[in-house]
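Descriptive structure summary
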Amino acid sequence: MTRREKIIELLLERDYSVSELARILGLRGKGSKKAIIEDLKVIAKIAKREGMVLLIKPAQCRKCGFTFKPEINIPSRCPRCKSEWIEEPRFKLERR
């Protein structure tokens, strides 16, 4: 089973953040989150083709509560308060 197939299987069960997915799949190091984000972008296209939808709970600033746009990336800092204390977005797949 490929890494993307494993991610799809996990996301059908419940929602996960990028860090949680990297930890479950045993990815470590600098490029681990980036690899998962790239996989999620491809999975969003696969999901659309297969009649599923990738739900995104947007990232949120833990300091001021600012909510980011629901997109497949991890923001580095809050545009409102400049805090780097950001809660990662969460992803889940649902069948239509």
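Further up the page is the structure itself.
First, a word on scope: everything that follows refers to the structure included in this document. Only a predicted model underlies this, so the values are computations on that prediction, with no experimental measurement involved. (Residues numbered from 1 in each chain as written. Predicted model: local features only at pLDDT ≥ 70, side-chain atom pairs only at ≥ 80, totals over all residues. Heavy atoms only, no water.)

1. Some thoughts on helix α3 (residues 32–49)
Between the first and last C-alpha of α3 there are 26 Å, a value that for 18 residues agrees with the 26 Å anticipated at 1.5 Å per step. Regarding α3, the residues found buried are Ser32, Ile36, Ile37, Asp39, Leu40, Ile43 and Ala47. Along the long axis of α3, the arc covered by the buried residues comes to 165°, so they all point the same way. The exposed set on the far side of α3, more than 90 degrees from its buried face, consists of Lys34, Lys45, Lys48 and Arg49. Gly51, located one to two residues past α3, shows a positive phi value of around 80°. (Helix = DSSP H or I, 4+ residues; strand = E, 2+ residues; numbered from the N terminus. Expected span 1.5 Å × (residues − 1). Buried < 20%, exposed > 50% of the residue type's maximum accessible area, 1.4 Å probe, protein only. Arc of directions from axis to C-beta.)

2. Quick look at the side chain of Asp39
Within the element layout of this structure, Asp39 appears in helix α3. In this structure Asp39 comes out as buried when scored by relative accessible area, which is 3%. Not counting the four nearest positions on each side in its chain, Asp39 is found in contact with Arg3, Arg4 and Ile7. (Contact = heavy atoms within 4.5 Å.)

3. Focus: unusual backbone geometry
Positive phi, close to 70°, is recorded for Lys82, a residue that is not glycine. Note that Lys82 resides in the loop between β3 (60–61) and β4 (86–87).

4. Structural notes on the packing of aromatic side chains
One pass over the structure, following the stated rule, counts 1 aromatic pair. When the ring of Phe66 is compared with that of Phe68, the centres are 5.0 Å apart and the planes differ by 85°; the resulting orientation is edge-to-face. Judged by its relative accessible area of 22%, Phe66 falls in the partly exposed class. By relative accessible area, which is 14% here, Phe68 ends up buried. In this structure, Arg14 packs its charged tip against the face of Tyr16, placed 4.2 Å from the ring centre. (Phe/Tyr/Trp six-rings, centres within 6.5 Å; stacked < 30°, edge-to-face > 60°. Lys NZ or Arg CZ within 6 Å of the ring centre and 35° of its normal.)

5. What to know about the pattern of salt bridges
The tally for this structure, following the rule as stated, stands at 8 salt bridges. Taking the shortest distance from any N to any O, the salt bridge between Arg90 and Glu20 comes out at 3.0 Å. Taken as a pair, Arg90 in strand β5 (residues 90–95) and Glu20 in helix α2 (residues 18–24) lie far apart in primary sequence, 70 residues in all. What makes Arg90 buried here is its relative accessible area of 17%. For Glu38, the salt bridge goes to Lys41, with nearest N and O atoms at 4.0 Å. (Salt bridge = Lys/Arg side-chain N within 4 Å of Asp/Glu carboxyl O.)

6. Notes on the sheet that holds strand β2 (residues 52–57)
Ordered in space as β1-β5-β2, the 3 strands form an open sheet in which the pairing is antiparallel. In this open sheet, the two strands that pair with only one neighbour each are β1 (16–17) and β2. In terms of strand pairing, β2 meets β5 through 6 bridges, oriented antiparallel. By the bridge assignment, Leu55 is partnered in β5 with Lys92. Of the strands in this sheet, β1, β2 and β5 are in contact with helix α1 (residues 3–13), which crosses β5 at around 85°. Of the strands in this sheet, β2 and β5 are in contact with α3, which crosses β2 at around 140°. (Pairing = 2+ DSSP bridges. Axes fitted to C-alpha atoms, helices over the stretch in contact; angles between N-to-C directions.)

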